[in-house]
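Descriptive analysis of the structure
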Amino acid sequence: MSFRKIVISFCVAALAGSASAQGDSFTSSDVLAWSDEGQRAFYLNSFGMAGIVAMQTGVHETHVACINDLLAENSETYLPVSEIRAVLESYPDLHPQAVVMAIINRECGSFAVQ
């Protein structure tokens, strides 16, 4: 599946549930308009929460390690904020949580349980 299809799939899934605290119109463009510090906090929180959820499933241990490595500046697989920002810039009209989940899916593998 192409990365674009993954992003769109996660966006549809994110928006199909209940509306976010920001409302249905919350997009990557909104996050990109924030200060660099605000964006970094959003990215760290989003990746961190995905790691916590992965940890709780009991079947995504490799995802937990991968997500932690993406955030660790001393890791070989560290994902700089500038790279995260670049992906959000490519999908400005999509929900940023969907884009973050698509990045995690691309970097760490699918969350699908077999």
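Computed from a prediction, not measured in an experiment: that's the story for all the values here. (Residues numbered from 1 in each chain as written. Predicted model: local features only at pLDDT ≥ 70, side-chain atom pairs only at ≥ 80, totals over all residues. Heavy atoms only, no water.)

Some words on helix H5 (residues 81-90)
At 3.6 residues per turn, the α-helix brings residues three or four places apart onto the same side. For the record, the criterion: A 1.4 Å probe rolled over the protein chains alone gives each residue an accessible area, and that area as a share of the maximum for its type sets the label: buried under 20%, exposed over 50%, partly exposed in between. For helices the rule is a DSSP run of H or I covering at least 4 residues; for strands it is a run of E covering at least 2, with both sets numbered from the N terminus onward. Picture the helix axis, draw a direction to every C-beta atom, and the arc is the one those directions span.
Within H5, the full set of buried residues consists of Val-81, Ile-84, Val-87 and Leu-88. Buried positions in H5, seen along its axis, are confined to an arc of 125° and lie on one side of it.

Regarding helix H6 (residues 96-108)
Quick reminder of the rule: The span you would expect from a helix comes to 1.5 Å times its residue count less one.
Between its terminal C-alpha atoms H6 stretches 18 Å, which fits the 18 Å expected from 13 residues at 1.5 Å a residue. Within the span of H6, buried status applies to Pro-96, Ala-98, Val-99, Val-100, Ala-102, Ile-103, Ile-104, Asn-105 and Cys-108. Gly-109, located one to two residues past H6, shows a positive phi value of around 100°.

Side note on the packing of helix H3 (residues 36-57) against helix H4 (residues 61-71)
Threshold: Fitted lines through C-alpha atoms serve as axes, helices being fitted only where they are in contact, and the angles separating the N-to-C directions of these axes extend from 0 to 180 degrees. Oblique is the label for any angle not under 35 degrees, not over 145, and not in the 65 to 115 range, which are roughly parallel, roughly antiparallel and roughly perpendicular in turn. In a left-handed crossing the near helix is turned counterclockwise from the far helix by less than a right angle, and in a right-handed crossing that turn is clockwise. In this analysis, two residues are considered to be in contact whenever any of their non-hydrogen atoms come within 4.5 Å of each other. Residues were grouped as follows: Ala, Val, Leu, Ile, Met, Phe, Trp, Tyr, Cys and Pro as nonpolar; Asp, Glu, Lys and Arg as charged; and all remaining residues, including Gly, as polar.
Two numbers describe how H3 lies on H4: the axes approach to 8 Å, and their chain directions differ by 160°. In this view, H3 runs roughly antiparallel relative to H4, as classed from their interaxial angle. Of the two elements, H3 crosses H4, and the hand of that crossing is left-handed. Where H3 abuts H4, its residues Leu-44, Phe-47, Gly-48, Ala-50, Gly-51, Ala-54 and Met-55 lie against His-63, Val-64, Ile-67, Leu-70 and Leu-71. In terms of residue class, the contact of H3 with H4 is built from nine nonpolar, three polar and no charged.

Observations concerning the packing of aromatic side chains
The relation between two aromatic rings is expressed through the spacing of the ring centres and the mutual angle of the planes. For clarity, the cut-off: Note on aromatic contacts: the rings of Phe and Tyr and the six-membered ring of Trp form a pair at centre separations within 6.5 Å, being stacked when their planes are under 30 degrees apart, edge-to-face when over 60 apart, and tilted otherwise.
Within the structure shown, the criterion is met by four aromatic pairs. When the centroid spacing of 5.7 Å and the interplanar angle of 80° are considered together, the rings of Trp-34 and Phe-42 count as edge-to-face. Given the relative accessible area of 35%, Trp-34 is considered partly exposed. Judged by relative accessible area, which is 12%, Phe-42 ranks as buried. What links up through ring pairs into an aromatic cluster is the set Phe-26, Trp-34, Phe-42 and Tyr-43.

Some thoughts on the environment of Val-87
Note that Val-87 resides in helix H5. Judged by relative accessible area, which is 10%, Val-87 ranks as buried. Linking Val-87 and Ala-102, residues 15 residues apart in sequence, is a C-alpha distance of 9.7 Å.

Honestly, it's all geometry; don't read function into it.
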